[in-house]
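If you want the building blocks of each chain, they are given just below.
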Amino acid sequence: AQSVSQHNHHVILSEAASLELGCNYSYGGTVNLFWYVQYPGQHLQLLLKYFSGDPLVKGIKGFEAEFIKSKFSFNLRKPSVQWSDTAEYFCAVSNSGYALNFGKGTSLLVTP
Amino acid sequence: DTAVSQTPKYLVTQMGNDKSIKCEQNLGHDTMYWYKQDSKKFLKIMFSYNNKELIINETVPNRFSPKSPDKAHLNLHINSLELGDSAVYFCASSQDGLGWSEQYFGPGTRLTVT
(Lines give C-alpha, C1' and ligand atoms only; values in the text may rest on other atoms or scores of the structure.)
Protein backbone atom coordinates (compact mmCIF):
# COMPACT_ATOMS: atom_id res chain seq x y z
CA ALA A 1 0.00 0.00 0.00
CA GLN A 2 1.13 3.55 -0.66
CA SER A 3 2.19 5.33 2.49
CA VAL A 4 4.31 8.06 3.99
CA SER A 5 6.16 7.33 7.22
CA GLN A 6 7.65 9.82 9.61
CA HIS A 7 9.81 8.04 12.15
CA ASN A 8 9.88 10.55 14.95
CA HIS A 9 6.56 11.55 16.41
CA HIS A 10 7.92 13.82 19.13
CA VAL A 11 11.32 15.47 19.16
CA ILE A 12 12.69 17.74 21.87
CA LEU A 13 15.85 19.74 21.18
CA SER A 14 17.73 22.54 22.81
CA GLU A 15 18.30 25.73 20.87
CA ALA A 16 21.29 25.54 18.52
CA ALA A 17 21.06 21.75 18.26
CA SER A 18 20.94 20.19 14.82
CA LEU A 19 17.73 18.70 13.51
CA GLU A 20 17.02 15.79 11.24
CA LEU A 21 13.50 14.48 10.73
CA GLY A 22 13.04 11.27 8.82
CA CYS A 23 10.52 10.66 6.07
CA ASN A 24 10.12 7.54 3.96
CA TYR A 25 7.54 6.79 1.33
CA SER A 26 6.35 3.71 -0.47
CA TYR A 27 5.13 4.88 -3.85
CA GLY A 28 6.13 3.59 -7.25
CA GLY A 29 7.05 5.81 -10.13
CA THR A 30 7.67 9.51 -10.11
CA VAL A 31 6.94 11.31 -6.87
CA ASN A 32 6.86 14.90 -5.77
CA LEU A 33 7.93 15.48 -2.19
CA PHE A 34 7.08 18.23 0.25
CA TRP A 35 7.69 19.32 3.79
CA TYR A 36 5.04 21.48 5.41
CA VAL A 37 5.18 23.16 8.81
CA GLN A 38 2.31 24.05 11.12
CA TYR A 39 3.22 26.57 13.80
CA PRO A 40 1.03 26.54 16.92
CA GLY A 41 -2.41 27.83 16.06
CA GLN A 42 -1.54 28.51 12.43
CA HIS A 43 -2.20 26.94 9.09
CA LEU A 44 0.17 24.74 7.14
CA GLN A 45 2.95 26.44 5.22
CA LEU A 46 5.30 25.00 2.66
CA LEU A 47 8.91 24.67 3.83
CA LEU A 48 10.33 23.14 0.69
CA LYS A 49 9.57 20.79 -2.16
CA TYR A 50 11.32 18.48 -4.56
CA PHE A 51 10.13 17.29 -7.96
CA SER A 52 13.28 16.99 -10.08
CA GLY A 53 16.89 18.06 -10.38
CA ASP A 54 19.29 18.54 -7.50
CA PRO A 55 18.24 16.09 -4.76
CA LEU A 56 19.35 18.55 -2.08
CA VAL A 57 16.72 21.23 -1.83
CA LYS A 58 16.79 24.35 0.26
CA GLY A 59 13.71 25.86 1.76
CA ILE A 60 12.70 28.76 3.91
CA LYS A 61 14.08 29.55 7.37
CA GLY A 62 17.30 27.61 6.87
CA PHE A 63 15.70 24.22 6.28
CA GLU A 64 16.91 21.78 3.67
CA ALA A 65 16.00 18.26 2.65
CA GLU A 66 17.70 15.51 0.71
CA PHE A 67 15.92 13.16 -1.65
CA ILE A 68 17.56 9.74 -1.73
CA LYS A 69 15.74 7.74 -4.36
CA SER A 70 17.35 4.42 -3.49
CA LYS A 71 16.18 4.75 0.10
CA PHE A 72 12.77 6.23 -0.73
CA SER A 73 13.62 8.95 1.75
CA PHE A 74 13.26 12.71 2.00
CA ASN A 75 14.73 13.76 5.33
CA LEU A 76 14.45 17.30 6.63
CA ARG A 77 17.45 18.98 8.22
CA LYS A 78 18.43 22.22 9.90
CA PRO A 79 21.91 22.82 11.31
CA SER A 80 20.84 24.94 14.26
CA VAL A 81 17.27 25.15 15.52
CA GLN A 82 15.68 28.10 17.23
CA TRP A 83 12.87 28.31 19.73
CA SER A 84 10.67 29.69 16.94
CA ASP A 85 11.01 26.38 15.07
CA THR A 86 8.69 24.73 17.59
CA ALA A 87 5.93 23.34 15.38
CA GLU A 88 4.44 20.27 13.72
CA TYR A 89 6.31 19.11 10.64
CA PHE A 90 4.60 17.10 7.93
CA CYS A 91 6.17 15.20 5.09
CA ALA A 92 3.88 14.78 2.07
CA VAL A 93 4.02 12.95 -1.23
CA SER A 94 2.15 13.43 -4.46
CA ASN A 95 2.53 10.98 -7.28
CA SER A 96 -0.60 11.37 -9.35
CA GLY A 97 -1.57 14.91 -8.62
CA TYR A 98 -4.73 16.29 -7.10
CA ALA A 99 -3.89 15.39 -3.52
CA LEU A 100 -1.11 15.30 -1.00
CA ASN A 101 -0.61 12.18 1.08
CA PHE A 102 0.75 13.21 4.44
CA GLY A 103 2.80 11.42 7.04
CA LYS A 104 1.51 11.49 10.59
CA GLY A 105 3.65 14.46 11.49
CA THR A 106 6.48 15.15 13.91
CA SER A 107 5.99 17.46 16.83
CA LEU A 108 9.16 19.47 17.47
CA LEU A 109 9.71 21.31 20.73
CA VAL A 110 12.76 23.53 20.97
CA THR A 111 13.70 24.54 24.49
CA PRO A 112 15.65 27.70 25.31
CA ASP B 1 -4.60 39.82 1.84
CA THR B 2 -5.87 36.40 2.84
CA ALA B 3 -5.13 33.83 0.16
CA VAL B 4 -7.33 31.00 1.39
CA SER B 5 -10.01 31.83 3.90
CA GLN B 6 -12.43 29.63 5.79
CA THR B 7 -15.49 30.38 7.85
CA PRO B 8 -16.21 29.76 10.59
CA LYS B 9 -12.95 29.27 12.46
CA TYR B 10 -14.67 27.40 15.27
CA LEU B 11 -17.89 25.41 15.10
CA VAL B 12 -19.49 23.70 18.08
CA THR B 13 -22.66 21.76 17.44
CA GLN B 14 -24.66 18.78 18.61
CA MET B 15 -24.90 15.35 17.12
CA GLY B 16 -27.45 15.03 14.37
CA ASN B 17 -27.21 18.65 13.23
CA ASP B 18 -26.31 19.79 9.72
CA LYS B 19 -23.56 22.35 9.26
CA SER B 20 -21.54 23.99 6.50
CA ILE B 21 -18.00 25.28 6.27
CA LYS B 22 -17.13 27.81 3.59
CA CYS B 23 -13.85 28.22 1.77
CA GLU B 24 -12.72 30.90 -0.63
CA GLN B 25 -9.41 31.47 -2.40
CA ASN B 26 -8.36 34.67 -4.12
CA LEU B 27 -5.29 33.23 -5.82
CA GLY B 28 -6.95 32.41 -9.12
CA HIS B 29 -6.19 28.73 -8.61
CA ASP B 30 -7.97 25.99 -10.52
CA THR B 31 -7.88 23.27 -7.90
CA MET B 32 -9.27 23.19 -4.37
CA TYR B 33 -9.18 20.58 -1.63
CA TRP B 34 -10.63 19.61 1.71
CA TYR B 35 -8.47 17.85 4.27
CA LYS B 36 -9.40 16.49 7.69
CA GLN B 37 -6.94 16.65 10.58
CA ASP B 38 -7.84 14.34 13.44
CA SER B 39 -6.99 14.66 17.12
CA LYS B 40 -3.60 13.05 16.51
CA LYS B 41 -2.79 15.70 13.89
CA PHE B 42 -3.04 13.21 11.02
CA LEU B 43 -4.03 14.97 7.79
CA LYS B 44 -6.07 13.12 5.22
CA ILE B 45 -7.46 14.25 1.88
CA MET B 46 -11.23 14.21 1.64
CA PHE B 47 -12.07 15.86 -1.66
CA SER B 48 -10.41 17.57 -4.57
CA TYR B 49 -12.09 19.78 -7.16
CA ASN B 50 -10.59 21.05 -10.39
CA ASN B 51 -12.44 23.84 -12.13
CA LYS B 52 -15.61 23.02 -10.18
CA GLU B 53 -15.45 19.33 -11.04
CA LEU B 54 -15.00 16.64 -8.42
CA ILE B 55 -11.70 14.82 -8.95
CA ILE B 56 -11.12 12.97 -5.71
CA ASN B 57 -13.56 11.59 -3.17
CA GLU B 58 -11.56 9.57 -0.69
CA THR B 59 -14.17 7.20 0.70
CA VAL B 60 -15.73 9.94 2.71
CA PRO B 61 -19.22 9.17 4.08
CA ASN B 62 -21.93 10.58 1.88
CA ARG B 63 -23.03 12.75 4.81
CA PHE B 64 -20.23 15.00 3.58
CA SER B 65 -21.11 16.88 0.42
CA PRO B 66 -18.74 19.39 -1.15
CA LYS B 67 -20.14 22.10 -3.38
CA SER B 68 -18.16 24.32 -5.72
CA PRO B 69 -20.31 27.16 -7.06
CA ASP B 70 -17.29 28.59 -8.89
CA LYS B 71 -13.62 27.80 -8.95
CA ALA B 72 -12.85 30.28 -6.17
CA HIS B 73 -15.15 28.56 -3.68
CA LEU B 74 -15.40 25.08 -2.26
CA ASN B 75 -17.86 24.63 0.54
CA LEU B 76 -18.32 21.57 2.72
CA HIS B 77 -21.73 20.58 3.98
CA ILE B 78 -22.07 17.91 6.62
CA ASN B 79 -25.37 16.21 7.41
CA SER B 80 -26.28 14.32 10.59
CA LEU B 81 -23.09 15.17 12.41
CA GLU B 82 -21.47 12.44 14.50
CA LEU B 83 -18.99 12.59 17.36
CA GLY B 84 -16.30 11.19 15.08
CA ASP B 85 -16.60 14.19 12.80
CA SER B 86 -14.89 16.32 15.43
CA ALA B 87 -11.66 17.47 13.82
CA VAL B 88 -9.96 20.40 12.17
CA TYR B 89 -10.96 20.79 8.54
CA PHE B 90 -8.52 22.51 6.20
CA CYS B 91 -9.30 23.91 2.82
CA ALA B 92 -6.45 24.29 0.34
CA SER B 93 -5.90 25.39 -3.23
CA SER B 94 -3.25 24.99 -5.90
CA GLN B 95 -2.61 26.50 -9.30
CA ASP B 96 -3.48 23.20 -10.91
CA GLY B 97 -3.81 19.61 -9.86
CA LEU B 98 -0.38 18.64 -11.04
CA GLY B 99 1.70 16.87 -8.47
CA TRP B 100 4.36 19.54 -8.09
CA SER B 101 2.03 22.45 -7.46
CA GLU B 102 2.29 23.96 -4.01
CA GLN B 103 -0.91 23.80 -2.04
CA TYR B 104 -1.91 26.84 -0.03
CA PHE B 105 -3.86 26.08 3.09
CA GLY B 106 -6.55 28.00 4.90
CA PRO B 107 -6.47 28.59 8.66
CA GLY B 108 -8.67 25.60 9.42
CA THR B 109 -12.09 25.15 10.98
CA ARG B 110 -12.19 23.38 14.32
CA LEU B 111 -15.41 21.39 14.45
CA THR B 112 -16.53 20.02 17.80
CA VAL B 113 -19.54 17.74 17.88
CA THR B 114 -21.08 17.19 21.31
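In the block above lies the structure referred to throughout.
Cut-offs and rules
Residues numbered from 1 in each chain as written. Chains lettered and ligands numbered in written order. Predicted model: local features only at pLDDT ≥ 70, side-chain atom pairs only at ≥ 80, totals over all residues. Heavy atoms only, no water. Helix = DSSP H or I, 4+ residues; strand = E, 2+ residues; numbered from the N terminus. Contact = heavy atoms within 4.5 Å. Phe/Tyr/Trp six-rings, centres within 6.5 Å; stacked < 30°, edge-to-face > 60°. Buried < 20%, exposed > 50% of the residue type's maximum accessible area, 1.4 Å probe, protein only. Pairing = 2+ DSSP bridges. Axes fitted to C-alpha atoms, helices over the stretch in contact; angles between N-to-C directions. Buried area = accessible area lost by both parts, 1.4 Å probe. Polar contact = N/O pair within 3.5 Å; in protein donor to acceptor, adjacent residues only side chain to side chain. Nonpolar A, V, L, I, M, F, W, Y, C, P; charged D, E, K, R; others polar.

1. What to know about the environment of K52(B)
All names here are of chain B.
Piece 1. For K52, the position within the fold is in the loop between β5 (43-50) and β6 (53-57).
Piece 2. Note: C-alpha distance between K52 and H73 (21 residues apart in sequence) is 8.6 Å.
Piece 3. Residues within four places of K52 in sequence aside, it is in contact with S68, P69, D70 and K71.

2. Comments concerning the packing of aromatic side chains
A ring pair, where both rings are aromatic, is described by two values, the distance of the centres and the angle of the planes.
Residue and element names in this part refer to chain A.
Piece 1. All chains considered together, the criterion is met by 13 aromatic pairs over all chains.
Piece 2. Ring plane angle 25° and centroid distance 6.5 Å describe the contact between Y25 and F67, whose orientation is recorded as stacked. Of this pair, Y25 sits in strand β4 (residues 23-25) while F67 sits in strand β8 (residues 64-68), and the two are 42 residues apart along the sequence. Of the two residues, Y25 and F67, neither departs from the other in class, the shared state being buried.
Piece 3. Ring geometry for Y25 against F72: centres 5.6 Å apart, planes inclined by 75°, an arrangement best described as edge-to-face.

3. A few points about the pairing of β5(B)
All names here are of chain B.
Piece 1. Counting buried positions along β5 yields seven of eight residues, so the element is predominantly enclosed.
Piece 2. Counting the residues that bridge the hairpin from strand β4 (residues 31-37) to β5 gives five residues, and of these K41 lies at a positive phi of roughly 75°.
Piece 3. Count of turn residues in the β5/β6 antiparallel hairpin: two residues, of which N51 carries a positive phi of about 50°.

4. What to know about the side chain of N32(A)
Piece 1. Relative to the elements of secondary structure, N32(A) occurs in strand β5 (residues 32-38).
Piece 2. Look past the residues within four positions of N32(A) in its chain and what remains in contact with it is Y50(A), F51(A), A92(A), V93(A), S94(A), G99(B) and W100(B).

5. Side note on the sheet that holds strand β8 (residues 75-78) of chain B
All names here are of chain B.
Piece 1. One open sheet holds the four strands; their spatial order is β1-β3-β8-β7, and the pairing between them is antiparallel. Bordering the open sheet on either side are β1 (4-7) and β7 (64-67), each of which pairs with just one other strand. Between one strand axis and the next, the sheet turns by 15° as a mean value, whatever way the strands run.
Piece 2. Where β7 and β8 come together, four bridges link them in antiparallel fashion. Bridged to K67 within β8 is N75.

6. Observations concerning the interface of chain A and chain B
Piece 1. Counting from both sides, the interface comprises 19 residues of chain A and, opposite them, 24 residues of chain B.
Piece 2. Of the roughly 1,800 Å² buried where chain A meets chain B, counting both sides, 63% is carbon and sulfur surface.
Piece 3. Linking chain A with chain B are four residue pairs in polar contact (both at pLDDT 80 or more).
Piece 4. Among the secondary structure elements, those contributing two or more residues to the side of chain A that touches chain B are β5, β6 (44-50) and β10 (87-94) of chain A.
Piece 5. Counting residues per element, the side of chain A that touches chain B draws most heavily on β5(A), which supplies four residues.
Piece 6. For the side of chain A that touches chain B, a count of residues per class yields 10 nonpolar, six polar and three charged.

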